[in-house]
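Residue-level listing of the chains:
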Amino acid sequence: MATETTLILFKPDAVAKNIVGTVLSRFEKEGFKIRALKMMSLSDEILAEHYAHIADKPFFPDVRSFMQETPVIAMVLEGEDVISKVRDLLGPTDSKEAAAGTIRGDFGDKGGDAKMRNVCHASDGPETATAEIRRFFHEGEVY
Ligand code: ADP
């Protein structure tokens, strides 16, 4: 097992539903440590970079608008195997397919926006995590 860091974004649906604390407490209960935390509005530029892998998809403009509905809360979490464990805690991208007990299963959209309004972003691997932490935080903001 390796000590890793990962980048989490609490998306606008989590902010609007007042469930940021509830979800964050699930991460803390796993023993993961907060290394950085801040609220920020996401520009078109940062979203184009962050979502470069879906930029050519027809749903990308909707994702960009969604991610700008409210500021998001960005966080760096540290822990043993935190990258894959947080992805497991979240469940799959489509909240309708996410099992009860997972964050997306419990709090994600269950209607037509189930694939988009899915509570949190979390890095999917060590290289992505390093790049994403740099994208959202200055060096001095990560403790
Ligand atoms: P994940 O965030 O689970 O790693 P992806 O990287 O594939 O998923 O997609 C990035 C984000 O784009 C998703 O979290 C979701 O908000 C949105 N998204 C993905 N697929 C769709 C889709 N088919 N329709 C609408 N939004 C989507």
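As shown above, the structure is provided for reference.
The structure reproduced in this document is the subject of the present report. Just so it is clear, the structure is predicted and the values come from calculations on it, not from any experiment.

What to know about unusual backbone geometry
Look at Asp81: it is not a glycine, yet its phi comes out positive at around 50 degrees. Position of Asp81 among the secondary structure elements: in the loop between β3 (72-80) and α5 (82-90). The phi dihedral of Val119 falls on the positive side, at around 75 degrees, and the residue is not glycine. Among the secondary structure elements, Val119 is positioned in the loop between α6 (103-107) and β4 (120-122). Of the residues examined, Val119 reaches a relative accessible area of 0% and is grouped as buried.

A closer look at the nonpolar core
Ranked by size, the top nonpolar core spans 23 residues in total, and within it Ile8, Phe10, Val23, Phe27, Leu77, Val86 and Val119 carry the most contacts. For this core, the secondary-structure elements that each account for two or more residues are β1 (3-10), α1 (12-16), α2 (20-29), β3, α5, α6 and β4. Those residues in contact with Ile8, other than ones at most four positions away along the chain, are Phe27, Ile73, Ala74, Met75, Leu77, Val86, Cys120, His121 and Ala122.

Re the site of the ligand
Taken together, Lys11, Tyr51, His53, Ile54, Phe59, Val63, Arg87, Thr93, Arg104, Lys115, Met116 and Asn118 make up the full set of residues near the ligand. One of the side-chain N or O atoms of Arg87 is found 3.0 Å from an oxygen atom in the ligand. In the complex, the protein chains occlude 80% of the 530 Å² of accessible area that the ligand would expose alone. Judged by the proximity of its atoms to the pocket grid, the ligand belongs to the largest pocket. Grouping the constituent residues of the shell around the ligand by class yields 5 nonpolar, 3 polar and 4 charged.

Side note on the packing of aromatic side chains
A full pass over the atoms with the stated rule returns 1 aromatic pair. Note on Phe10 and Phe27: the rings are 6.4 Å apart at their centroids and 55 degrees apart in plane angle, and the pair reads as tilted. In this pair, Phe10 sits in strand β1 while Phe27 sits in helix α2, placing the two residues 17 residues apart along the sequence. The class of Phe10 is buried, set by a relative accessible area of 0%.

What counts and what doesn't
Residues numbered from 1 in each chain as written. Predicted model: local features only at pLDDT ≥ 70, side-chain atom pairs only at ≥ 80, totals over all residues. Heavy atoms only, no water. Helix = DSSP H or I, 4+ residues; strand = E, 2+ residues; numbered from the N terminus. Buried < 20%, exposed > 50% of the residue type's maximum accessible area, 1.4 Å probe, protein only. Core = buried A, V, L, I, M, F, W, Y, C linked by side-chain atoms within 4.5 Å. Contact = heavy atoms within 4.5 Å. Near = heavy atom within 4 Å. Polar contact = N/O pair within 3.5 Å; in protein donor to acceptor, adjacent residues only side chain to side chain. Areas by Shrake-Rupley, 256 points an atom, 1.4 Å probe, with all protein chains shown as cover. 1 Å grid on protein atoms, 1.4 Å probe; cavity = no way out; pocket = protein on both sides within 12 Å on 5 of 7 lines; lining within 4 Å. Sits in = over half its atoms within 2 Å of the grid points. Nonpolar A, V, L, I, M, F, W, Y, C, P; charged D, E, K, R; others polar. Phe/Tyr/Trp six-rings, centres within 6.5 Å; stacked < 30°, edge-to-face > 60°.

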